[in-house]
Amino acid sequence: MHELAVTEGILAVVLRHAAAGGASRVVTVRLRIGGLSDLSEEWLARYFAWLGKGTVAEGARIEVERTPVVFRCGPCDRTFDVDLKAARDFPCPFCGGNDVSLVSGREFFVREIEVM
Amino acid sequence: MENIRLIEVREEILSDNRDLAREIRETLCRKGVFLLNLMSSPGAGKTSLLIRTLRALREAFRIAVIEGDIDSMVDAEKVAAEGVPAVQIRTGSACHLDAPMVEKALGELDLDHTDLVLMENVGNLVCPAEFDTGDTRKAMILSVPEGDDKPLKYPLMFSICHAVVVNKMDCLPMFDFDLEVFRERVRKLNPGAEIFPLSCKTGEGMDRWIAWLEKAIAESRSR
Ligand SMILES: Nc1nc2c(ncn2[C@@H]2O[C@H](COP(=O)(O)OP(=O)(O)O)[C@@H](O)[C@H]2O)c(=O)[nH]1
Ligand SMILES: [Mg+2]
Ligand SMILES: [Zn+2]
């Protein structure tokens, strides 16, 4: 799938920030990825190991923080997490109503890197 | 041993692609060109809708086509038969179109004499959702045989599209597709998306889709 292109994007961001910070080696890369994105973490790690060869990010560990898909109920004005892969439908858990809408779950960014 | 330091990054992963996509969008806007990004799974009806749309709007607009589907030699021939300018993107093994590919394809078109570019993305509901192409509007097609549960399986795609076409409505009696349940699921993910049940085979429902596209084109020009 698109893990290869995404990993190229991650590496580009990481190398830019590592260079700006005068780093000689990247130890850890921390990503934040929302539940709406379909990404195989295993492939991400494999591609990163491969693409990062010969760069300061060679051998860096990838840590993925998955953030939940969150909906808000209009009438209740309360939010709740939904596991879309498991749920068939997802009424508001507080009032049972269906007047709910997506709040978040599309995070797709490099949060921080640990460097030496 | 050197000390480990933390560098706060907080940068979007595909920021390079996103920035180029914004540039493309601005250029197209300035030139008065409308780019429609058409996405779906393989076989849902991208080429069929593209050709129907082309035929409905070719009197009113100067139309060109970008064909990006992997196994689309047949598609390219169908489009060529319509006699409009067409560019084929060789995606190789890529599972989506991205902004650099689209920029290159647009470069092969005579944009100063084009109003509308219809672009068939790679058949896939996952990857194209992550990559902005610089399109003016994003539309996806779901066909009735695929089932009304797809918004739960591919929520990102449903959450980014301006228009959701439900194609193959002529097949509705054969399947347990519940249009109301589907509408509800899409609305929760994307209340702004308009839904167009239609059939590229019979032409049923096509008018509303064409009217939406005409209105979107008019809106993009008045900005
Ligand atoms: N019954 C029916 N078949 C359709 C309809 N639209 C497209 N098809 C058929 O579905 C198949 C795939 O369509 P195509 O446009 O090539 O899909 P694409 O892969 O998304 O470009 C073709 O055999 C079409 O004739 C429709 O509205 N009803
Ligand atoms: Mg096609
Ligand atoms: Zn509620």
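Just so we're clear, the structure is a prediction, and the values are computed from it rather than from any experiment. (Residues numbered from 1 in each chain as written. Chains lettered and ligands numbered in written order. Predicted model: local features only at pLDDT ≥ 70, side-chain atom pairs only at ≥ 80, totals over all residues. Heavy atoms only, no water.)

**Some remarks on the overall build of chain B**
Looking only at helices and strands, one finds 8 helices and 8 strands in chain B. Viewed in the frame of its principal axes, chain B has a C-alpha envelope of about 70 × 45 × 35 Å. Here chain B, with 223 residues, has 60% of them falling under the buried criterion. The distance from the centre of the 29 positive side-chain charges to the centre of the 38 negative ones in chain B is 2 Å. (Helix = DSSP H or I, 4+ residues; strand = E, 2+ residues; numbered from the N terminus. Buried < 20%, exposed > 50% of the residue type's maximum accessible area, 1.4 Å probe, protein only. Lys, Arg positive; Asp, Glu negative; His and termini not counted. Charge placed at Lys NZ, Arg CZ, Asp CG, Glu CD.)

**As for the side chain of Asn167 of chain B**
Residues and elements named next belong to chain B. Its place among the elements puts Asn167 in strand β7 (residues 163–167). Judged by relative accessible area, which is 3%, Asn167 ranks as buried. A polar atom in the side chain of Asn167 sits 3.0 Å from the backbone nitrogen of Cys200. Sequence-distant contacts of Asn167, that is, excluding residues within four places in its chain, are made with Ala44, Gly45, Ile141, Leu142, Ser143, Val144, Leu198, Ser199 and Cys200. (Polar contact = N/O pair within 3.5 Å; in protein donor to acceptor, adjacent residues only side chain to side chain. Contact = heavy atoms within 4.5 Å.)

**A word on the coordination of the zinc ion (ligand 3)**
Residue and element names in this part refer to chain A. At the metal site, the zinc ion (ligand 3) is ligated by Cys73 (SG), Cys76 (SG), Cys92 (SG) and Cys95 (SG), and these contacts range over 2.2 to 2.3 Å. The coordination sphere of the zinc ion (ligand 3) comprises 4 donor atoms, whose angles at the metal cover 104 to 118°; the geometry is tetrahedral. Each donor residue of the zinc ion (ligand 3) lies on one chain, and together they are spaced C-x2-C-x15-C-x2-C. With Cys73 in strand β3 (residues 69–73) and Cys95 in the loop between β4 (78–82) and β5 (100–104), the pair connects residues that are 22 residues apart, well separated along the chain. What makes Cys95 partly exposed here is its relative accessible area of 43%. (Donors = N, O, S within 2.8 Å, 3.2 Å for Na, K, Ca; no water. Tetrahedral: all angles 85-135°; square planar, octahedral: opposite > 155°, others 65-115°.)

**Remarks on the layout of surface pockets**
Counted as a void, the largest pocket has a volume near 330 Å³. Together, 15 residues line the largest pocket, and Arg106 of chain A together with Glu12, Ala129, Glu130 and Asp132 of chain B are the ones closest to its centre. Looking at the lining of the largest pocket, the elements with two or more residues in it are α1 (15–31) and α6 (155–160) of chain B. For the lining of the largest pocket, the per-class residue count stands at 7 nonpolar, 2 polar and 6 charged. Its volume calculated, the second largest pocket comes out at about 200 Å³. Taken together, 14 residues form the lining of the second largest pocket, with Ala5 and Gly9 of chain A together with Leu14, Asp16 and Asn17 of chain B sitting closest to its centre. Taken together, the elements giving at least two residues each to the lining of the second largest pocket come down to α1 (3–20) of chain A together with α1 of chain B. Of the residues belonging to the lining of the second largest pocket, the class tally is 7 nonpolar, 3 polar and 4 charged. (1 Å grid on protein atoms, 1.4 Å probe; cavity = no way out; pocket = protein on both sides within 12 Å on 5 of 7 lines; lining within 4 Å. Points joined across faces, edges and corners; volume = space filled by probe spheres on them. Nonpolar A, V, L, I, M, F, W, Y, C, P; charged D, E, K, R; others polar.)

**Details of the confidence of the model for chain B**
Residues at a pLDDT of 70 or more form 97% of chain B, whose mean pLDDT is 94. Two summary scores accompany this predicted model of the complex, namely pTM at 0.94 and ipTM at 0.89. (pLDDT = per-residue confidence, 0-100.)

**Some words on the packing of α1 of chain A against helix α2 (residues 41–51) of chain A**
All names here are of chain A. Two elements in contact, α1 and α2, have axes separated by 9 Å at closest approach and are oriented at 55°. Our classification of the angle between α1 and α2 gives oblique. Note that α1 runs across α2; the crossing there is right-handed. Taking contact as the criterion, the partners of Glu3, Leu4, Val6, Thr7, Glu8, Ile10 and Leu11 in α1 are, on α2, Trp43, Leu44, Tyr47, Phe48, Trp50 and Leu51. Here the contact of α1 with α2 is built from residues that sort into 10 nonpolar, 1 polar and 2 charged. (Axes fitted to C-alpha atoms, helices over the stretch in contact; angles between N-to-C directions. Parallel < 35°, antiparallel > 145°, perpendicular 65-115°, else oblique. Left-handed = near helix turned anticlockwise from the far one by under 90°.)

**Considerations on the packing of helix α2 (residues 46–57) of chain B against helix α8 (residues 206–222) of chain B**
All names here are of chain B. Their axes nearest at 11 Å, the elements α2 and α8 cross at an angle of 70°. Here α8 runs roughly perpendicular to α2, going by the angle between their axes. In this structure, the crossing between α2 and α8 has a hand that is right-handed. On α8, the residues touching Leu49, Arg52, Thr53, Ala56 and Leu57 of α2 are Met206, Trp209, Ile210, Leu213 and Glu214.

**Some thoughts on the interface of chain A and chain B**
Between chain A and chain B, the residue contacts involve 45 residues of the former and 36 residues of the latter. With both chains or domains summed, chain A and chain B bury close to 3600 Å², and 59% of this area falls on carbon and sulfur atoms. If you sort the residues of chain A by the area they bury against chain B, His2, Phe108 and Met116 of chain A come out on top, with a joint share of 16%. At the junction of chain A with chain B, the criterion picks out 3 salt bridges. A salt bridge links Asp89 of chain A to Arg185 of chain B, with the nearest nitrogen and oxygen atoms 3.1 Å apart. At the junction of chain A and chain B, the tally comes to 17 residue pairs in polar contact (both at pLDDT 80 or more). Mapped onto the side of chain A that touches chain B, the elements with two or more residues apiece are α1, β1 (26–34), β5 and β6 (108–115) of chain A. Bridge analysis of β6 of chain A against strand β1 (residues 5–12) of chain B gives 6 bridges, and the strand direction is antiparallel. (Buried area = accessible area lost by both parts, 1.4 Å probe. Salt bridge = Lys/Arg side-chain N within 4 Å of Asp/Glu carboxyl O. Pairing = 2+ DSSP bridges.)

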